[in-house]
Each structure stands twice: as C-alpha cells, then as structure tokens.
Amino acid sequence: MNEMLTPLGLSHFLMTGSILFVLGLIGFVTRRNLIVMFLCTEMMFQGVALALVAFAKFHGNVTGQTFVIFVLTIAAAEAALALGLVVMLFRRRGTLDVEAWQTMSG
Amino acid sequence: MSTPLLLYIASVLGAIALVLMMPRPGNRLAPLGALLGAATLGGCWLAVAFNTGLIHDFSANTLGLPATTFIYFYIFSAIAIAAAVRVITHRRPVYSALWFIMVVLAGAGMFLVLSADFMAFAMIIIYGGAILVTYMFVIMLASQPLEPGQEDQAPAYDRFGRDPLWACVAGFLLLAVLLTVSFDNPDRPTMLANPDAKMASDAEVLRDTLTGRGLDAENSDELASSPQFTADRVSNVERVGLDLFNKHPLAIELAGVILLVSLIGAVVIAKTHIPPGEQHPDPESAAAKAAQTQGGAA
C-alpha cells in the first residue's frame, strides 16, 4: 500500500497554496462588498504563507517561517487601516458597495 | 497523458465549477458546481497521491515527512480549499468571515504537518483571534439595514458578482501556470532538492548560539555536547526565535515602524471629521435608493 503512495512533496503544499491564492484573487475581483474583498486579500496571504513554510521545510532553513511572522505583521497593519477606511467610507455613502466609489477611477 | 495536460484539464474543470457556484440571483446550478469542483479536486488528488503514472513521481522534492502524515495533509487541504470557495461564494459577509476562520484553522493544521508548530499557533491566535474579531466588529458596524419584506435577502451588491466568468478564466489561467511550474518534470528539473539542505542539528544550533555569546569555538563545542544541553531538544519556537533575532534585526525594527505608522494612521482615520454635507443622511434611504436602481436595471 505504502509503495503505491507518492510521498508528500513540496509540490503538494505549493499546489494547495496556489489554489488558496487564486481563490482569494478571484474573490477580490468578483465580490463587490468592501469587507469581503479585504477578507480575500487575507486569503491570498494564507496561500503565500503556506508556500513559504513549505519552502522552509524543503530547504531545511527556518528563514521561511521567520518571514511568515512579517507577513502576519503586514496583515495585521493592513486589517487595522483597511477596516478603519471601510467604516469611514460607509459613513459617507451608507453602502459597502465598491461601485458607489466608481468616480474615483477617473 | 502528460502531467501538464492533466493539470490544465483540472484547471478548466475547476474554473467551470467556480463559475457555476458564484453568487447570482436564482442560481440553481450551485450544487452542480460544488459537485463538479469536489470531483475535480478528488480526481486530481487521486492522480497525485497514487503512483498511477499520470503524474511524474516527485521523489526529487520530498520533504522527508513520515508516511503517516499524508492523510492529515489531504484532510486539511480539502477543508481549506472547500472553506475558501465558501468564503468567496457566500452571500452574507458574516458567514464569509466564519468560513475564513475555517481556512485559517486548516492552514494551521498544514503548518503542523510541516512541523512549524510556532507558526501554526501564531496563525490561529493572530488571524483567528485578533484579525477576524476586528472584521466581525466592522461587519456589525457597517451592515446595511435590510429592505422591509426582504429580510431574508442580502443587499444587491452581495447577490451579484462582478464579471465572475472573466475573473475565473484569468484566475485559473494563473493557477494552471503556477501548477505547471510547481510540479516537477524530469525534463525540466526546476525544483530539485538542494544537496546542502539539511535541517541544522540541535547541537549545531546550540553551538552557533553559544559562539555568538562570545564563547570561543572549542569551549562552546564542549558545552553544546554536554549532557545538560543535549538532554532537551531545540524546539521550533527556539529555532524561529534565534533566526529572527540573529539574522533579521533590521527587519524587526522595520516591522515595528510599520506597526507604529499603521497605529497612528488608524487613529487619524478614526478621528477624521466628515462634514455634514458629505455624510450620508440615513442608511435606510440608501437601501431604498439601491432598491430603486436595481428595479430600474431589471
């Protein structure tokens, strides 16, 4: 049985990470709710973090895991700022629809 | 059948499944899409997991994980992908956020499979605990009052996607490219194992740490091999901490500056005064207006 199975490789984790990244990307492009759009960027961070940790294991080097700490830092800063902006935008237009702000695209 | 062809077919099927599941009024094909997506993912994994000859064997890039861990990887990976699909297809932002917690938990499980214990728990605490609670707060603060008589309906901007077809085409094109690169091909060895790649042994880590503290090399070698140090292993947290503070001191300072700037920025944004003329009078008329424009569009 075990001879038939391929051992877990780097490709398995890169595959899952890239699927998470692409799903986050599609969500960011298609959804019109500001909050869900920012949630999708967090999902893209998840995919990247998984790839980083997998590479850390593959190369026997902890620096990949250290970088996930910085990814988490940036994600936390981004969430604080973006959600503050979302609340302010909601107070101005009374809706979370991104298309209410289409005039900003010039 | 060659590996890239199989991956392209899987990408196309996945794109079709996701298009079917995207929020759309009166969407009856969503269960069909879910079924197709699950079948695609299952088929892809069967081809990957078993030596069927459909996928090149990647003995070149194994991670040296024990054979028993593979089942955990497949479980966590399936949960993560299913929850991610739910995040982007659910009509209610609250449920999207709850499904995202599921993605984070499954991702933490995969980190545990990769023996990155510290990152797994940091993920759960920071993402599942702190960031998602903030999201929940904002969803509660900024939710639109529902139109009378349609309380079970989400607002229009949650019920319609924006060009889901083209987004799926572009996204899965990117996925096909990424998978082609990440799956090893014997003709094009892009990701062979680094021959020098070997996790530093506990004794090596200890010796480096002790040498860094000003002990000379022979002395620290002796210390590192002494029974009091070899008795306990160097844990993952200690390895990450040593790497973080020994090799990236500047990056820590920069991260601190970024956090400070975002703290000040968040305070400034929260205290911004909106002139009464630009403030939205009351959200209910906005809902009524949205209903009007939607009626006009229909």
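Now for a description of the structure that goes with this document. The structure presented is a predicted model; accordingly, all values stated were derived computationally and were not measured.

Counting residues at the interface gives 71 residues for chain A and 91 residues for chain B. Mapped by element, the contributors of at least two residues to the side of chain A that touches chain B are α1 (10-30), α2 (34-59) and α3 (63-93) of chain A. With 25 residues, α3(A) is the single largest residue contributor to the side of chain A that touches chain B. Per-class residue counts for the side of chain A that touches chain B are 43 nonpolar, 20 polar and 8 charged.

The subject of this paragraph is the packing of helix α3 (residues 70-89) of chain B against helix α4 (residues 93-113) of chain B. In helix packing, the relevant descriptors are the interaxial angle and the interaxial distance, both defined with respect to the helix axes. All names here are of chain B. Axis separation between α3 and α4 bottoms out at 8 Å; the angle between their running directions is 160°. Put simply, α3 runs roughly antiparallel to α4. Note that α3 runs across α4; the crossing there is left-handed. Contacts from Tyr72, Phe73, Phe76, Ser77, Ile79, Ala80, Ala83, Ala84, Arg86 and Val87 of α3 reach α4 at Ser96, Trp99, Phe100, Met102, Val103, Ala106, Gly107, Gly109, Met110 and Val113. Partitioned by chemical class, the residues of the contact of α3 with α4 number 15 nonpolar, 4 polar and 1 charged.

The next thing to look at is the nonpolar core. Core analysis: the biggest nonpolar cluster contains 93 residues, and Val53(A), Ala54(A), Ala84(B) and Val103(B) have the highest contact counts within it. For this core, the leading source of residues is α2(A), giving 16 residues. If sequence neighbours within four positions are ignored, Ala84(B) has contacts with Leu20(A), Leu23(A), Met43(A) and Val103(B).

A word on the environment of Arg91(B). All names here are of chain B. With respect to the secondary-structure elements, Arg91 resides in the loop between α3 and α4. For the pair Arg91 and Gly128, spaced 37 residues apart in the sequence, the C-alpha separation amounts to 21 Å. If near-sequence neighbours (up to four positions away) are discounted, Arg91 is found in contact with Pro23, Ala154, Asp158 and Arg159.

So, on to unusual backbone geometry. All names here are of chain B. Its identity as a non-glycine residue notwithstanding, Ser115 has a phi of 55°, on the positive side. Here Ser115 lies in the loop between α4 and α5 (117-141). If you check the backbone angles, Asp163 has positive phi at about 50° while not being a glycine. Summarising the element assignment, Asp163 is placed in the loop between α6 (156-159) and α7 (164-182).

Time to look at the environment of Ser262(B). Along the chain, the position of Ser262(B) falls in helix α12 (residues 249-271). You can call Ser262(B) buried: it has 20 C-beta atoms within 10 Å. Apart from residues lying up to four places away in sequence, Ser262(B) is in contact with Ala77(A), Ala80(A) and Leu81(A).

What counts, and at which threshold
Residues numbered from 1 in each chain as written. Chains lettered and ligands numbered in written order. Predicted model: local features only at pLDDT ≥ 70, side-chain atom pairs only at ≥ 80, totals over all residues. Contact = placed C-beta atoms within 7 Å. Helix = DSSP H or I, 4+ residues; strand = E, 2+ residues; numbered from the N terminus. Nonpolar A, V, L, I, M, F, W, Y, C, P; charged D, E, K, R; others polar. Axes fitted to C-alpha atoms, helices over the stretch in contact; angles between N-to-C directions. Parallel < 35°, antiparallel > 145°, perpendicular 65-115°, else oblique. Left-handed = near helix turned anticlockwise from the far one by under 90°. Core = buried A, V, L, I, M, F, W, Y, C linked by C-beta atoms within 7 Å. Buried ≥ 20, exposed ≤ 12 C-beta atoms within 10 Å, placed from the backbone.

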